[in-house]
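# Breakdown of the fold
Next come the chains, spelled out residue by residue.
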Amino acid sequence: MGFIDKIKNGITEHLPGIRRPDKYSLYDLFMNEYGWSFTTPDKHTGDLHTYYQAFEKNVWVRRCCMVICDEMLAPGFQINNPHQNNVNFERVNYLTDLFNAPGGKYAEDTFSSLIKQIVPSFKVTGDAFIEVNHDELFDNIPNGFRFIPTEMMGYNYEQDAWGLRNTEHIFEPENLIHIYEPKIQIRGSKWGTSLIDTISMNITLEVLGLNHNKDVFENHGLDPRAVLSFDKDLKPQYVTENITRLKNQKNKKGIITGQGINYQQTNNSNKDMEFLELIRYSRDCIITMFGVPPAKVDIIETGNLGTGTGESQDKNFAKVINSNCRVIEDAFNKNLGRSGFQEIFEFIREDHENKLNRAEIEDKQLRNGSTYINEVRSGYGLEPVDWGNVPMNYSQFALATTPENIEESTLITPTENENKNLEKALIMERLNKGY
């Protein structure tokens, strides 16, 4: 073995139990000395109010958030341990109950209500905060989650920790989950960036257009239907009397009067405001920013909004949903890992095509003996079976021939109907129970 190989083997044999990259980081060394010059105050409450108004008042912003929530919640979630074949059902059941009732058995909070708070806060304000409560009697095991509105949170740069705004209450790292859209700039990088900042001008144009048209409708319109002219040689008193008489008629559309000009009939122009075009433009920018296909927000204009079939749009939107799911999963699983859990929280991705592919691949692996029944069952959170720890011989549907079970393997000779029933039962169990 060469000298370099010995060094490499020595490195791999002494791996750190806990990684601390900040200890050797030049960037962290610089920030520790000069980071004060880049600090920024907490998010302004006025900005947060604007974000909330955009969510509450703009139909497209709210609808996009609702669609993302619905797509994430519909398939449900699961607790899984991908690193072990044997499932610890006690721990899985505890974590399942923890997520189903994040506020405890007697609180109104549910998994769906928690997600419907996290996703809009994450997408609209750029930040979502969840407090993690621990049970001190049972080794500080997490026993509850509570959503904290963004306007209540602040960052304490002196203690380098999050806390309640304008108070001395500081959260320990294991007591807080922060889900956010990260910034690419150093200033204010502790906070996430809001999608509303990118589309704020579009929302503002829509609001101004709505307010303008609202004023027009309340004023019964402001465009005159005709111009009435008086001869320029008429006495002003005569003109004033006619104007007074016309005003008394209370013509809702109004008449423009003048002296020394001609009568002219006026018409409405389709390009006066282009209000509908403005609304559509604002809507398109919003749903594009959220990555939601038009059909998902009940827009039936496939010729104008997006191309491709509905299947291709569903696949693209599935990537958006998977990305959002992954961000939330990573934040929760990192916190669970700090408490010693090897189990992970996962949203179930509703993808029937992948289900079928997975079932077919697993069936081939079982047939060629490269995997065991219990290995497949563990991937679906199912309990192991006594006969599932050895390869299967699918030519006879018996245990693979070994010195220990050669007599048993030669005795098992199921009929053709039994073979078909066993195949069907195995596939149905994967498809139904696993998801």
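Residues numbered from 1 in each chain as written. Predicted model: local features only at pLDDT ≥ 70, side-chain atom pairs only at ≥ 80, totals over all residues. Heavy atoms only, no water.

## Some details on the overall build of the protein
Tallying secondary structure elements over the protein gives 14 helices and 12 strands in all. By residue count, 33% of the 435 residues in the protein fall in the buried class. Look at the contacts in the protein between residues 6 or more apart in sequence, and 65% of them connect residues 24 or more apart. As presented, the protein carries roughly 28200 Å² of accessible surface, and 52% of it is formed by carbon and sulfur atoms. (Helix = DSSP H or I, 4+ residues; strand = E, 2+ residues; numbered from the N terminus. Buried < 20%, exposed > 50% of the residue type's maximum accessible area, 1.4 Å probe, protein only. Contact = heavy atoms within 4.5 Å. Areas by Shrake-Rupley, 256 points an atom, 1.4 Å probe, with all protein chains shown as cover.)

## As for the pairing of strand β6 (residues 176-180)
With four of five residues buried, β6 is to be regarded as a mostly interior element. Two strands pair when backbone bridges link them, and strand β2 (residues 127-135) and β6 are joined in this way by five bridges, in the antiparallel orientation. Bridged to Asp 127 within β6 is Tyr 180. (Pairing = 2+ DSSP bridges.)

## Points about the pattern of salt bridges
Pairs can form between side chains of opposite charge whenever their charged atoms are close. As enumerated under the stated definition, the model contains 10 salt bridges in all. Of the charged contacts in the structure, one is a salt bridge between Asp 284 and Arg 283, with a shortest N-O distance of 3.2 Å. For Asp 284, a relative accessible area of 22% corresponds to the partly exposed category. Arg 283 sits in the buried class, given a relative accessible area of 8%. One salt bridge connects Arg 349 with Glu 329, and the closest N-O pair in it is separated by 2.4 Å. Here Arg 349, found in the loop between β10 (344-347) and α11 (352-367), pairs with Glu 329, found in helix α10 (residues 310-338); they are 20 residues apart in sequence, far enough to count as distant. (Salt bridge = Lys/Arg side-chain N within 4 Å of Asp/Glu carboxyl O.)

## Section: the packing of aromatic side chains
Under the counting rule described, the total for this entry stands at 16 aromatic pairs. Aromatic side chains Phe 77 and Phe 99 sit 5.9 Å apart centroid to centroid with 50° between the ring planes, which places their arrangement in the tilted category. Of this pair, Phe 77 sits in strand β1 (residues 77-80) while Phe 99 is found in helix α5 (residues 89-100), placing the two residues 22 residues apart along the sequence. Residue Phe 77 shares its accessibility class with Phe 99, and that shared class is buried. With a centroid separation of 4.6 Å and an interplanar angle of 40°, the aromatic rings of Phe 77 and Phe 111 are classed as tilted. Placement of the pair is Phe 77 in strand β1 and Phe 111 in helix α6 (residues 111-125), with a sequence separation of 34 residues. Judged by relative accessible area, which is 8%, Phe 111 ranks as buried. Taken together, the aromatic side chains of Phe 77, Phe 99, Phe 111, Phe 145, Phe 332, Phe 345 and Phe 347 make up a single cluster linked through ring pairs. The ring centre of Trp 60 lies 5.8 Å from the NZ or CZ of Arg 283, which sits over that ring. (Phe/Tyr/Trp six-rings, centres within 6.5 Å; stacked < 30°, edge-to-face > 60°. Lys NZ or Arg CZ within 6 Å of the ring centre and 35° of its normal.)

## Quick word on the sheet that holds β6
Spatial ordering of the open sheet is given by β3-β2-β6, a layout of three strands whose pairing is antiparallel. Each edge of the sheet is formed by a strand with only one pairing partner; in this case those strands are β3 (141-148) and β6. Going from strand to strand, the sheet's axes swing by 25° on average, the running direction of each strand aside. As paired strands, β2 and β3 are joined by seven bridges and run antiparallel to one another. From the neighbouring strand, Asp 135 faces β3, where its bridge partner is Ile 141. Helix-sheet contacts for α6 involve β2, β3 and β6, and the interaxial angle to β2 is about 140°. (Axes fitted to C-alpha atoms, helices over the stretch in contact; angles between N-to-C directions.)

## Focus on a nonpolar patch on the surface
Judged by side-chain polarity, Met 201, Leu 205 and Leu 208 come together as a nonpolar surface patch covering roughly 290 Å² of accessible area. Within the secondary structure layout, Met 201 lies in helix α7 (residues 195-218). (Patch = residues over 30% accessible without salt bridge, like charges linked within 9 Å, V, L, I, M, F, W, Y side chains within 5 Å.)

## Considerations on α6
Between its terminal C-alpha atoms α6 stretches 21 Å, which fits the 21 Å expected from 15 residues at 1.5 Å a residue. By the criterion of burial, α6 is predominantly enclosed, with 11 of the 15 residues buried. Of the positions making up α6, those classed as buried are Phe 111, Leu 114, Ile 115, Ile 118, Val 119, Pro 120, Ser 121, Phe 122, Lys 123, Val 124 and Thr 125. Once α6 finishes, Gly 126 follows within two positions and takes phi at roughly 95°, a positive value. (Expected span 1.5 Å × (residues − 1).)

## So, the nonpolar core
By size, the foremost hydrophobic cluster in this structure holds 53 residues, and its most contacted members are Phe 99, Ile 118, Phe 145, Ile 179, Phe 290, Phe 332 and Phe 345. Among the elements that line this core, the one with the most residues is helix α4 (residues 59-73), at nine residues. In this structure, Trp 162, Phe 171, Leu 176 and Trp 191 belong to the second largest nonpolar core, which totals eight residues. (Core = buried A, V, L, I, M, F, W, Y, C linked by side-chain atoms within 4.5 Å.)

## A short note on the confidence of the model for the protein
When pLDDT is averaged across the protein, the result is 77; 69% of the residues are at 70 or more. Across the protein, element-level confidence peaks in α6 with a mean pLDDT of 95 and bottoms out in helix α13 (residues 406-411) with 45. Predicted confidence for residues 396-401 stays below pLDDT 50, and this span has 25 contacts to residues more than four positions away or in other chains. Here residues 406-414 is modelled with pLDDT under 50, and outside its nearest four sequence neighbours on either side it reaches 12 contacts, counting other chains as well. (pLDDT = per-residue confidence, 0-100.)

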